[in-house]
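Results of the structural survey
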Amino acid sequence: MSYSILIGDEAQEYVSALDEKSKRIVKKNLRKLADDPYPRPGSGSGDMEKLVVDGEELYRLHIGRTHTAFYVVREDEREVRVVDITTIDDAHNRYGF
């Protein structure tokens, strides 16, 4: 059973400002979360990681070498809520990774 992907307003604004190729890449990668939003150590998928930010469980998805999406998984609702998408450099500055 797959998850619904919900994209917050700020994340949507970020995607809307991208060029068409970048939009396509970001959307394609976000769609993958519908099948399995959790990091799987040893699976070869090094682009996802579970984090704790300000006491809240959050997941990070690197998209290419340019963008980073942050999301929460609402298991009871079978939803993935993308709360932020930003550049990798900005993500490192904001979240200290």
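The rules behind these values
- Residues numbered from 1 in each chain as written.
- Predicted model: local features only at pLDDT ≥ 70, side-chain atom pairs only at ≥ 80, totals over all residues.
- Heavy atoms only, no water.
- Phe/Tyr/Trp six-rings, centres within 6.5 Å; stacked < 30°, edge-to-face > 60°.
- Helix = DSSP H or I, 4+ residues; strand = E, 2+ residues; numbered from the N terminus.
- Buried < 20%, exposed > 50% of the residue type's maximum accessible area, 1.4 Å probe, protein only.
- Lys NZ or Arg CZ within 6 Å of the ring centre and 35° of its normal.

1. Some details on the packing of aromatic side chains
Inspection of every chain in the model, using the stated rule, returns three aromatic pairs. Look at Tyr3 and Tyr38: their rings are 6.5 Å apart centre to centre, the planes differ by 80 degrees, and that puts the pair in the edge-to-face class. Within this pair, whereas Tyr3 is found in the segment before β1 (4-7), its partner Tyr38 is found in the loop between α2 (20-32) and β2 (48-53), the two being separated by 35 residues in sequence. An identical accessibility class is assigned to Tyr3 and Tyr38; each is buried. The interplanar angle of 20 degrees and the centroid separation of 5.5 Å between the aromatic rings of Tyr59 and Tyr71 together place this pair among those described as stacked. Of this pair, Tyr59 sits in strand β3 (residues 56-63) while Tyr71 is found in strand β4 (residues 67-74), placing the two residues twelve residues apart along the sequence. In terms of burial, Tyr59 and Tyr71 fall into one category: buried. Taken together, the ring pairs connect Tyr3, Tyr38, Tyr59 and Tyr71 into an aromatic cluster. Over the aromatic face of Tyr3 sits the side chain of Arg78, whose NZ or CZ is 3.9 Å from the ring centroid.

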